[in-house]
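A look at the structure
Below are the chains, spelled out letter by letter.
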Amino acid sequence: MADVVAHFPIARPRRLRRTSALRELVAETRLSVNDLVAPLFVREGIAAPLPIVSLPGVMQHTVESLCTEVRELVALGVKAVILFGVPAQKDAVGSGAFDPQGIVQVALRQLRSEFADRVVLMADLCVDEYTNHGHCGVLDARGDVDNDLTLEIYAKAAVAQANAGAHVVAPSGMMDGQVAAIRGALDAAGHTDVAILAYSAKYASGLYGPFRDAVDVQIVGGGDRKGYQQDWRNAREALTEVEADIAQGADMVMVKPALSYLDVIVAVRAITNLPVAAYHVSGEYAMIKAAAANGWIDHDTVALEQLTAIKRAGADVILTYFTRWFAERANGSATATGSPS
Ligand code: PBG
């Protein structure tokens, strides 16, 4: 055997895996708190924060508790948050999404006045949390989402969010032409410096279940979003969506969910030099929490493995409910690079 090895040298990749220091030296992917965006929920009309049962560790915040949470995240080194609103009243067009007194606008004003530019304030831009039918747009006479009428609402919501202090608006409704409509409205209102993070390739996924609990959304008649979100059988179609959003002025493009769509992240990375974001969604988080609670997987190892895989696939920015956990871990130990200890 020794003779064979001498004559036919084999690769010895294990040489560089021998010690933790060697592994750290040659790690190709380094996850940092700077990569992460914390999704936060703010609910109108509650006196104290409420836990979200299907998203352990995540709350529906009051404006006050939201500010406290952001203060703590900033102290931990987190650079960005994305806000979702839960209004007290819903209606057919989702007025709370563009009302200057809507809950997200109120929260944005408060956060911007306290934190100025020290943290990136992103606002999810959609109406599903605000409509009484739970769809991401306004309905036509047949009950289908009317694309172009919805664009008018998104344009108003973008301006309301920018007026309230958002640095980035993030349209998530998958309407055709939404980026162009929003860019046009922002520019016309003097908000040329407000950026657009486009949820470009957003799939009609089964993994948004806990999120819908978080924002109290039920789609009317047990419906779904397959008429506007993407079919999970399609990958090339995602590139058409991404190209369209870039042509319309997107500053960053997103793939969502993340783990089941790593191939899409790779493909998107290959066609653009813009920052690519990926959303590790509520169901992806909840699966880790539930399996770990049963003792079936190790929480920290799997969370790090998944977030690192998303970055390895090509995402520069990761929206994840693990942001606070990661930031605490990075502050409390020497493993900020994201390697399993
Ligand atoms: C739509 C929106 C959704 C999510 C983010 N923005 C839900 C949906 O499309 O049904 C899901 C996020 C998650 O599951 O974590 N406003």
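That block above? That's the structure.
A brief look at the structure comes next. Remember, predicted model here, so these are calculated numbers, not experimental data.

1. Some details on the environment of Pro 56
- For Pro 56, the position within the fold is in the loop between strand S2 (50-51) and strand S3 (59-61).
- Assessed through its relative accessible area of 36%, Pro 56 is described here as partly exposed.
- Taking C-alpha positions, Pro 56 is 28 Å from Met 174, a pair spaced 118 residues apart along the chain.

2. A closer look at unusual backbone geometry
- Residue Pro 257 follows Lys 256 across a cis peptide bond; omega there is -10°.
- One non-glycine residue, Ala 116, lies in positive phi territory at about 45°.
- Relative to the helices and strands, Ala 116 resides in the loop between helix H4 (103-115) and strand S5 (120-125).
- Judged by relative accessible area, which is 38%, Ala 116 ranks as partly exposed.
- Phi at Asp 216 takes a positive value of approximately 55°, unusual for a residue other than glycine.
- Inspection of the secondary structure assignment puts Asp 216 in the loop between helix H7 (209-214) and helix H8 (236-247).

3. Here's the deal with the packing of aromatic side chains
- Evaluated as defined, the whole model comprises 11 aromatic pairs.
- Ring geometry for Trp 325 and Phe 326: centres 6.4 Å apart, planes at 65°, overall edge-to-face.
- With a relative accessible area of 1%, Phe 326 lands in the buried category.
- Here the aromatic residues Phe 41, Phe 84, Tyr 199, Phe 211, Tyr 279, Tyr 285, Tyr 321, Phe 322, Trp 325 and Phe 326 are joined through ring pairs into a cluster of three or more.

4. So, the state of the cysteines
- Overall, the coordinates contain zero disulfides when judged by the stated rule.
- Cys 136 forms no disulfide, and the closest cysteine sulfur to it belongs to Cys 126, at a distance of 3.5 Å.
- The exposure class of Cys 136 is buried, given its relative accessible area of 1%.

5. Some remarks on the pairing of strand S6 (residues 168-171)
- Residue alternation in S6 divides its side chains into two sets, Val 168 and Ala 170 and Val 169 and Pro 171, and both sets are buried.
- The pairing of S5 with S6 spans four bridges and is classified as parallel. Within S6, the residue paired with Met 122 across the bridge is Val 168.
- Handedness of the crossover joining S5 and S6 through helix H5 (residues 147-164) is recorded here as right-handed.
- Bridge analysis of S6 against strand S7 (residues 195-202) gives two bridges, and the strand direction is parallel. In the sheet register, Val 169 faces S7, and the bridge partner there is Ile 196.

Cut-offs used in this document
- For every chain, the first residue of the written sequence is number 1, and numbering continues from 1 onward in sequence order.
- Two thresholds apply to this predicted model, a pLDDT of at least 70 for residue-level local features and 80 or more for giving and counting side-chain atom pairs, whereas whole-chain, interface and lining totals are computed over all residues.
- With hydrogens and water set aside, each side-chain value is computed from the structure's full complement of heavy atoms.
- Starting at the N terminus, helices and strands are each numbered in turn, a helix being any DSSP run of H or I of at least four residues and a strand any DSSP run of E of at least two.
- Using a 1.4 Å probe on the protein chains alone, a residue whose accessible area is under 20% of its type maximum counts as buried, one over 50% counts as exposed, and one in between counts as partly exposed.
- Note on ring pairs: Phe, Tyr and Trp rings are taken, using the six-membered ring of Trp, and paired if centres are within 6.5 Å. Classes follow the plane angle, with under 30 degrees stacked, over 60 edge-to-face and the rest tilted.
- Cysteine sulfur pairs qualify as disulfides if the two atoms are within 2.5 Å.
- Only strands that DSSP links by at least two bridges are regarded as paired with each other.
- A right-handed crossover is one whose linking path, passing over the helix from the first strand to the second, runs clockwise when the strands point away from the viewer.

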